[in-house]
Amino acid sequence: MFPRFDWQAALTRGSLVFTLLSALAAPALAAPCGDDGAGFAAWLSDFRKAAAAQGISPRALAALDGAKYDTSVIRLDRNQRHFSVSFEEFIAKRVSAGRISQGKAKLKQHADLLARIESRYGVPGPILVAIWGMETDYGANQGNKPVFQSLATLAYDCRRSEFFTGQLLDALRIAQRGDLSIGEMRGAWAGELGQTQFMPTSYVRFAVDFDGNGRADLIRSPADVLASTANYLRGYGWSGKSWENGANAGALAGWNKAGVYQKAIAYFATRLVN
């Protein structure tokens, strides 16, 4: 799992329009947001009631039992910095020779799967494998923060309360529909989940059960991970086989707003086939 870009400059994993829709879906709360932990318990109690009114079951709401205001999450949120490094510096860290070698092996290992995914969603395998490698080193570094505590902390915090309240509600929906158990939902500090780091709202919108086991598991199932990532890119307008010379820039911007990140994905994918 790798550092995130500043949320104020670039809300990763989604467009501004969808972020606004998520905010509209967030439950209205009587308890105010806060800048320290003093009002967290009251806020969480109100959130539980509002979420229940929106159809979240008691079983899913149990995910919030014992949740505390997490000062480590607040510190990480406050200490983000813009990526000001050059493209060359960026890829030196993200697109290493070892990661390229491993990616080429993944392309061979999952060739049949990737061909079926491309047939269904239209997104070529090298792009999916490049994203997979850049996000979590092919699933090795998914993060281990308890997602519900992280999201509850950020939803209560005044800086982006509406956005993260919507994310918290969708995290509960993931547990409710059975894609992941409550205990399995651990990830990055801002609530990203799985091997390609989906925010909960993107998980609800784009995750697919491609291995046919009855649930969309982005933590353990490479088939679900890669197909869901392809479905995400298709949702942001991916078309055709090319990613070079600016092709599909809009879809890659839907994945990550930072230009250097988009360029690095395309570069990585090209290195995988050359």
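Quick caveat: nothing in here was measured; it's all calculated off a predicted structure.

**Quick notes on the environment of Leu169**
As for its placement among the helices and strands, Leu169 is situated in helix H10 (residues 161–177). Look at Leu169 and you get buried, because its relative accessible area is 1%.

**Quick look at the state of the cysteines**
All told, the structure shown has one disulfide when counted by the stated rule. Bridging Cys33 to Cys158, the disulfide has an S-S length of 2.1 Å. On the S-S bond that ties Cys33 to Cys158, the torsion sits near 100°, and the link is right-handed. With Cys33 in the loop between helix H1 (16–25) and helix H2 (40–53) and Cys158 in the loop between helix H9 (147–156) and H10, this pair connects stretches of sequence that are 125 residues apart. Residue classification places Cys33 among the partly exposed residues on the basis of a relative accessible area of 33%. Given the relative accessible area of 33%, Cys158 is considered partly exposed.

**Thoughts on H9**
Of all 10 residues that make up H9, nine are buried, and the element is covered over most of its length. What H9 keeps buried is the set Val147, Phe148, Ser150, Leu151, Ala152, Thr153, Leu154, Ala155 and Tyr156. For H9, the elements touching its buried residues are H2, helix H4 (71–78), strand E1 (145–146), H10, strand E2 (186–187) and helix H11 (200–206).

**Digging into unusual backbone geometry**
Excluding glycine, most residues fall at negative phi; most peptide bonds, likewise, are trans. Within the chain, Asp137 stands out as a residue other than glycine whose phi angle is a positive 55°. Relative to the elements of secondary structure, Asp137 occurs in the loop between helix H8 (125–136) and E1. Positive phi, close to 60°, is recorded for Gln197, a residue that is not glycine. Note that Gln197 resides in the loop between E2 and H11.

**Structural notes on the pattern of salt bridges**
Considering all chains together, one arrives at 14 salt bridges under this definition. Members of the salt-bridge network, linked through shared partners, are Asp77, Arg78, Asp157, Arg159 and Arg160.

Procedures and definitions
- Residues numbered from 1 in each chain as written.
- Predicted model: local features only at pLDDT ≥ 70, side-chain atom pairs only at ≥ 80, totals over all residues.
- Heavy atoms only, no water.
- Helix = DSSP H or I, 4+ residues; strand = E, 2+ residues; numbered from the N terminus.
- Buried < 20%, exposed > 50% of the residue type's maximum accessible area, 1.4 Å probe, protein only.
- Disulfide = S-S within 2.5 Å.
- Contact = heavy atoms within 4.5 Å.
- Salt bridge = Lys/Arg side-chain N within 4 Å of Asp/Glu carboxyl O.

Just distances and angles here, no functional claims.
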